[in-house]
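# A structural walkthrough
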Amino acid sequence: MGRVFAIDLDGNMYICKHCKTHLALLEDIESKSFHCRHGKAYLFNKVVNVSVGEKEDRMMITGMHTVVDIFCVGCGSIVGWKYEAAHEESQEYKVGKYILERFKVKGPNGSNYSITQDTQMVVSDTDDM
């Protein structure tokens, strides 16, 4: 494997909690109303420094979606997923956008998101938009 060249972001950003690789800017958040198996997740218009896995169909609360998992290029940790296709017309706004799981990234102020006992441990995407 060759050398990985990471993009450095300027401003308020989300970073990988394991290796501190820059992943996304605060201003690129489209929604904070998403959920995943570890709790909160945010929908982003753009992320950087990720590689993608294989396409797969995944059933979520809002229906069937084709997604690819996204991995931090710095350490290989899975940090979320990208929507490749929506099987329902009402969900097409997600296509081409990214989910970062809050449990797997640090926030702009260095904050971590912790799993609580109240966190629902199921795969889902959003309650409301």
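This section reports on the structure supplied with the text. Note that the structure is predicted; figures quoted are calculated from it, not measured.

The rules we used
- Residues numbered from 1 in each chain as written.
- Predicted model: local features only at pLDDT ≥ 70, side-chain atom pairs only at ≥ 80, totals over all residues.
- Heavy atoms only, no water.
- Pairing = 2+ DSSP bridges.
- Helix = DSSP H or I, 4+ residues; strand = E, 2+ residues; numbered from the N terminus.
- Axes fitted to C-alpha atoms, helices over the stretch in contact; angles between N-to-C directions.
- Disulfide = S-S within 2.5 Å.
- Phe/Tyr/Trp six-rings, centres within 6.5 Å; stacked < 30°, edge-to-face > 60°.
- Buried < 20%, exposed > 50% of the residue type's maximum accessible area, 1.4 Å probe, protein only.

## Examining the sheet that holds strand β6 (residues 63-72)
Pairing in this open sheet of six strands is antiparallel, and the strands run β3-β4-β8-β7-β6-β5 from one edge to the other. Each edge of the sheet is formed by a strand with only one pairing partner; in this case those strands are β3 (29-36) and β5 (50-60). Sheet twist, expressed as the mean angle between neighbouring strand axes with direction ignored, is 30°. Alignment of strand β4 (residues 39-44) against strand β8 (residues 98-101), held across four bridges, turns out to be antiparallel. The partner of Phe-44 across the bridge, within β8, is Tyr-98.

## Re the state of the cysteines
Following the criterion strictly, the structure yields zero disulfides and no others. With no disulfide of its own, Cys-72 has Cys-19 as its nearest cysteine by sulfur position, at a separation of 3.5 Å.

## Some points on the packing of aromatic side chains
For the structure on display, the rule yields three aromatic pairs. An angle of 85° between the planes, with centres 5.9 Å apart, marks the rings of Tyr-14 and Tyr-42 as edge-to-face. Taken together, the residues Tyr-14 in strand β1 (residues 13-16) and Tyr-42 in strand β4 connect sequence positions 28 residues apart. For the pair Tyr-14 and Tyr-42, a shared accessibility class is recorded, and that class is buried. Members of the aromatic cluster, each reached through a chain of ring pairs, are Tyr-14, Tyr-42 and Phe-44.

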